[in-house]
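# Per-entry structural report
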Amino acid sequence: MPQKPDLPAPKPRSERVGFALVGLGKLTAEQLIPAVRTSQDAYVAALVSSEEDKGEEFARAFDLTEQDVYTYDTFEQLADRDDVQAVYIVLPNSKHLEFVRRAAQMGKHVLCEKPLSVNAGQARQIVDACREAGVLLMTAYRCQYTPEHWAAREAVQSGALGRVKLLDSIHAQVEDDPEAWRLKRALAGGGPLLDVGIYSLNTMQFVTGQEPEWVFAAQHQPAGDLRFREVEESVSAMLGFPGGVIANLQTSYGAYNTATLRVMGEDGSLLMDPAFPYGGLGLEITDQNGTRQPAFPEYNQFSLEFDHFAQCIQQGRAPWTPGEEGVQDHVIMDAIYESARTGQVVRLSPQTGTDLYRGTPPERPGQ
Ligand code: NAD
């Protein structure tokens, strides 16, 4: 992809952070290859694949050679690569723990795809492994790096909407391949809640800066549908945020593509539709000054994410979306599943303060 004329030229490689990508699936092929080309502070120095052949095929797209390709068995040879400072884990969820541990033991910083793991217990082990090894860990919550999401957060937190009362978010898509790893409990850890509902949850926490105090949920797992033998098809959860703010979250692998976030205050409201795809986000804010649809220059969400983590590594700062935030989201999702199972409200430990699980904000959110 040619460099856009209005983007600054990437820095020389010697001033950028080298990443090894682990997992050459759809996200890597379709999103990460273009993203590294527009990254200012990061580049891909090595690839780690299940098969050597696949790695070599991807190597060409990243302008790498056969020597830059490793397999899961030769992963530890990356320890000798001084140009690889960070590892980006893009594997099925249950594989994150093993590969984060192995990367941390080599002293590599870790960017890990969402969800951080499959439950809060394993997510905590991921955080502990990185803390013990003295490496940085970032959860790849790409939506916290876009200008639209920061503008939504600003509208909420500046008081432009008045006191917030209600939040509502839906993230649904149809998963039609019964063999997909996303439908296997041992690999995915759960169904749409862990995969796409997590965007609704995480964005509601991001725009308010707050954490829910209780959850109440229901889920549905249809009998006789081969896709949903192991995981739920749909989840609906109500979350109570501090100050009586009530949020609704709905997610499904059986409902038509929908990705919305609505925040309603006493004096205004905002709608993001769509709220979570890789591009083309919609934002409409209504407050006492009327209704507006802020527009922003083009960007690549994954480049912004790469750049933020690279800057954190270079400056020795905690990332904005650290591992601790990934753990907190698993605590809440575990509680949602518990509520759906028991039919009871599940109370979470009360928290005071804002952005409790976040690190240093990105320097230029979304720009
Ligand atoms: P994918 O199925 O396209 O690719 C998964 C990769 O893992 C493949 O290279 C596959 O060979 C490898 N793999 C290793 N062990 C495997 C196993 N036992 N079964 C299946 N594949 C195995 O998946 P993906 O969509 O790239 O997802 C990978 C991770 O990225 C997941 O954690 C997912 O939640 C996350 N993800 C994030 C986003 C985002 O927008 N941030 C989007 C898609 C996926």
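All figures in this text were calculated on a predicted structure; none of them were measured in a lab.

What follows concerns the sheet that holds strand 12 (residues 269-272). With mixed pairing, 9 strands are arranged side by side in an open sheet as 14-13-12-11-7-10-9-8-15. The sheet terminates laterally at strand 14 (290-292) and strand 15 (346-347), the two strands that pair on one side only. Looking at chain direction, strand 8 (residues 214-220) and strand 9 (residues 234-241) are connected through 7 bridges and run antiparallel. Within strand 9, the residue paired with Ala-218 across the bridge is Ser-236. The sheet strands contacting helix 9 (residues 323-342) are strand 8, strand 9 and strand 15, and the helix crosses strand 8 at an angle near 60 degrees.

The next thing to look at is helix 4 (residues 120-133). If you check helix 4, its first and last C-alpha atoms are 20 Å apart, about what 14 residues at 1.5 Å a residue would give, namely 20 Å. Inspection of helix 4 places Ala-120, Ala-123, Ile-126, Val-127, Ala-129 and Cys-130 among the buried residues, and these make up the whole buried set. In the core, the buried residues of helix 4 are packed alongside helix 3 (96-105), strand 5 (109-113), strand 6 (137-140) and helix 9. A distance of 3.2 Å separates the backbone nitrogen of Gly-121 from a side-chain oxygen at the start of helix 4, and that oxygen is part of Asn-119.

Taken together, the side chains of Leu-166, Phe-216, Met-238, Ile-246 and Val-345 define a hydrophobic patch exposed on the protein surface, amounting to about 380 Å² of accessible area. Locating Phe-216 in the fold gives a position in strand 8. According to the relative accessible area criterion, Phe-216 is partly exposed, its value standing at 37%.

With that settled, consider the pattern of salt bridges. Counting across every chain of the model gives 17 salt bridges. For the salt bridge of Arg-131 with Glu-324, the shortest nitrogen-to-oxygen distance reads 3.2 Å. Of this pair, Arg-131 sits in helix 4 while Glu-324 is found in helix 9, placing the two residues 193 residues apart along the sequence. Given a relative accessible area of 54%, Arg-131 falls into the exposed group. Here Glu-324 falls in the partly exposed class, since its relative accessible area comes to 33%. For Arg-358, the salt bridge goes to Glu-325, with nearest N and O atoms at 3.0 Å.

Here the focus is the domain arrangement of the protein. A common measure of how large an interface is: the accessible area buried when the components associate. Taken domain by domain, the protein comprises domain 1 (13-142) and domain 2 (147-298 + 323-347). The gap between the C-alpha centroids of domain 1 and domain 2 is 27 Å. Across the boundary between the two partners, domain 1 contributes 21 residues, which contact 22 residues of domain 2. Summed over both sides, the interface of domain 1 with domain 2 buries roughly 1900 Å², with 58% coming from carbon and sulfur. Taken as a group, Lys-114, Tyr-141 and Arg-142 account for 34% of the area that domain 1 buries against domain 2, more than any other trio of residues on that side. Scanning the region where domain 1 abuts domain 2 turns up 2 salt bridges. Here domain 1 and domain 2 share 13 residue pairs in polar contact (both at pLDDT 80 or more) between them. By residue number, the principal contributor to the side of domain 1 that touches domain 2 is helix 4, which donates 5 residues. In terms of residue class, the side of domain 1 that touches domain 2 is made up of 10 nonpolar, 6 polar and 5 charged.

Attention shifts here to the pairing of strand 7 (residues 164-174). The side chains of a regular strand alternate between both faces of the sheet. Looking at chain direction, strand 7 and strand 11 (residues 254-265) are connected through 9 bridges and run antiparallel. Residue pairing across strands places Leu-167 opposite Val-263, the latter belonging to strand 11. Summarising the sheet, strand 7 and strand 10 (residues 245-252) pair through 7 bridges and their orientation is parallel. What sits directly across from Ile-170, in strand 10, is Gln-250.

In this section: unusual backbone geometry. Going from Lys-114 to Pro-115, the amide bond is cis rather than trans, its omega being -15 degrees. Within the secondary structure layout, Pro-115 lies in the loop between strand 5 and helix 4. For the bond from Asp-273 to Pro-274, the omega torsion is 0 degrees, close enough to zero to count as cis. Tracing the backbone shows Pro-274 in the loop between strand 12 and strand 13 (284-287). In this model, Asp-355 sits at a positive phi of 50 degrees, which is unusual for a non-glycine residue. Inspection of the secondary structure assignment puts Asp-355 in the segment after strand 15.

The rules behind the values
Residues numbered from 1 in each chain as written. Predicted model: local features only at pLDDT ≥ 70, side-chain atom pairs only at ≥ 80, totals over all residues. Heavy atoms only, no water. Pairing = 2+ DSSP bridges. Helix = DSSP H or I, 4+ residues; strand = E, 2+ residues; numbered from the N terminus. Contact = heavy atoms within 4.5 Å. Axes fitted to C-alpha atoms, helices over the stretch in contact; angles between N-to-C directions. Expected span 1.5 Å × (residues − 1). Buried < 20%, exposed > 50% of the residue type's maximum accessible area, 1.4 Å probe, protein only. Polar contact = N/O pair within 3.5 Å; in protein donor to acceptor, adjacent residues only side chain to side chain. Patch = residues over 30% accessible without salt bridge, like charges linked within 9 Å, V, L, I, M, F, W, Y side chains within 5 Å. Areas by Shrake-Rupley, 256 points an atom, 1.4 Å probe, with all protein chains shown as cover. Salt bridge = Lys/Arg side-chain N within 4 Å of Asp/Glu carboxyl O. Domains from an automatic or database assignment. Buried area = accessible area lost by both parts, 1.4 Å probe. Nonpolar A, V, L, I, M, F, W, Y, C, P; charged D, E, K, R; others polar.

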